[in-house]
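Notes for the structure review
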Amino acid sequence: MSTAARTRAEKPQVSIKLKHAPKPMPLSAIKAIADNASGMLVDVRESMLAPHPRKNPPVFTTAQVGDLCRIDRQRMHYLSRSESDLPQGTLRHSRSREFTLEEARIWIDRIGPYAKRPAGIRGKKIAIGNFKGGVSKTTTAMTLAQGLSLFGRRVLLVDLDPQASLSALHGILADSEVADEQTVLPLIYGDEEDLQYAIQSTYWDGVDLIPASAALFGAEFFLPFKQSKDQSFQFWNVLNKGLEPLLSDYDVVIIDTPPALSYLTINAFMAADGLIVPTPPSALDYASSTQFWNLFSDLSESMTQVAPELVKSFDFIHVLLAKVDQSQAATPIVRDWINKTYEGLVLPIEIPTTAVTQTAAAEFGTVYDISRYQGSLKTYQRAREAYDRFAEIVDQQLVALWQADQEAK
Ligand code: ADP
Ligand code: MG
């Protein structure tokens, strides 16, 4: 026996009553914790989402509807009087009118200056990706959908993250309210040919959703398993095929992905016409973003090996500076690194960190969900303008892509 071992062995055994003594936890005890947490989340959510338990879209003033249609007050009033088939809104106190989202979207569709998707041209698919969590992928997917819907677009959101945050932003609790059959899983398992079965309308007019649930983890086992049994099975092409028949109904499909290079993420990227990579200008997020591009590049290489016949090209790839915190000393430095590293890919707009959605209740929503912000108007407008501008840039690209498709016809 070594000296050290002897010393240890000879030490008298004292039993101290520890205040924070470790408590053994068999695997079987995890279920109780999980049940507790799920129950609590239902309570918390119900107390946060007003009116209970569903979410409400915002309402719009006459001036806001005018802004959305890009017309001035005078023209707005003129059109209200002359075009009787335009929604008139509801008269509120002090003789002001209030429009629902649905009514506002009818105005936008009829009066707004936005080029429509040409008949016979299919909608585009955009994936939001980054293998790091917390970089605002889900927020980007949601706000982009909402922003584009205010340009009159019809949007389908696909939640591919088993954590189902995008579904939660719609007031849908994955655990208790989403059955496996309502997610992409039946398509993945080959029980369905396309995703039509999974489309849900949402509280937000113009935005439909295919929700997620924790069961999506199953795809990570099934897809490689099926490929090992059947070499001709294109495990990367399942989502793409399932979305294809839906593209005549939507201007754009936005896919939110999990923070990992999973089989579902690969499906999202391989289906996508465009890819948006939210990247906060913090040193850690910058570092992990370089890993993202390395892994993505490895993936691209192995894809060309697995499927030499595969021709994949993105219509665009954008790096979006997100959660930009001006008060951080590192921000200008890291922004500079990002601009140099991803030259030509970084969008000419950045999303500021905003307190607007940081109250607990608002975390189940976005800037667009707020009808009347209780805090400073300037704070709200700064955030809102950034999101609007981001949606506008993406919208212009969609229009350009549709036109190109039409010319190529
Ligand atoms: P991801 O999907 O990449 O994990 P999320 O969109 O869920 O990221 O965002 C992570 C957290 O950051 C959420 O709590 C979200 O509310 C918050 N967040 C996202 N964008 C902003 C922003 N611009 N300002 C402040 N907080 C934000
Ligand atoms: Mg997310």
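Residues numbered from 1 in each chain as written. Chains lettered and ligands numbered in written order. Predicted model: local features only at pLDDT ≥ 70, side-chain atom pairs only at ≥ 80, totals over all residues. Heavy atoms only, no water.

So, the side chain of R117
Note on placement: R117 falls in the loop between helix 5 (101-111) and strand 4 (124-128). We classify R117 as buried; its relative accessible area is 18%. At 2.6 Å, the side chain of R117 and the backbone oxygen of I121 are in polar contact. Engagement of the side chain of R117 in a polar contact is seen with the backbone oxygen of S248, the distance being 3.2 Å. For R117, the residues in contact, after removing those within four places along its chain, are R122, G123, R153, L247, S248, D249, Y250, D251 and W402. (Helix = DSSP H or I, 4+ residues; strand = E, 2+ residues; numbered from the N terminus. Buried < 20%, exposed > 50% of the residue type's maximum accessible area, 1.4 Å probe, protein only. Polar contact = N/O pair within 3.5 Å; in protein donor to acceptor, adjacent residues only side chain to side chain. Contact = heavy atoms within 4.5 Å.)

What about the pattern of salt bridges?
Counted by the stated rule, this structure contains 19 salt bridges. The salt bridge partner of E98 is R92, with a shortest N-O separation of 2.9 Å. For R122, the salt bridge goes to E244, with nearest N and O atoms at 2.3 Å. Placement of R122 in the loop between helix 5 and strand 4 and of E244 in the loop between helix 11 (238-243) and strand 8 (252-256) is noted, with a sequence separation of 122 residues between them. Its relative accessible area of 41% is what places R122 among the partly exposed residues. The exposure class of E244 is partly exposed, given its relative accessible area of 26%. A single salt-bridge network, built from bridges that share partners, covers E83, D85 and R110. (Salt bridge = Lys/Arg side-chain N within 4 Å of Asp/Glu carboxyl O.)

Some details on the sheet that holds strand 1 (residues 60-61)
Across the sheet, which stays open at both edges, the three strands sit in the order 1-3-2 with antiparallel pairing between neighbours. The strands lining the two open edges of the sheet, one partner per strand, are strand 1 and strand 2 (90-91). (Pairing = 2+ DSSP bridges.)

Describing the sheet that holds strand 11 (residues 346-352)
The strands making up a sheet are joined through hydrogen bonds of the backbone, oriented either antiparallel or parallel. Strand order across the open sheet formed by eight strands is 6-7-5-8-4-9-10-11, with mixed pairing between neighbours. This sheet does not close on itself; its edge strands, each paired only once, are strand 6 (200-201) and strand 11. Across six bridges, strand 9 (residues 274-279) lies against strand 10 (residues 316-324) in parallel orientation. Looking at the pairing, V277 lines up with V319 of strand 10. Sitting on the sheet, helix 6 (residues 137-149) touches strand 4, strand 5 (155-159), strand 7 (207-210), strand 8, strand 9 and strand 10, and the angle it makes with strand 8 is about 165°. (Axes fitted to C-alpha atoms, helices over the stretch in contact; angles between N-to-C directions.)

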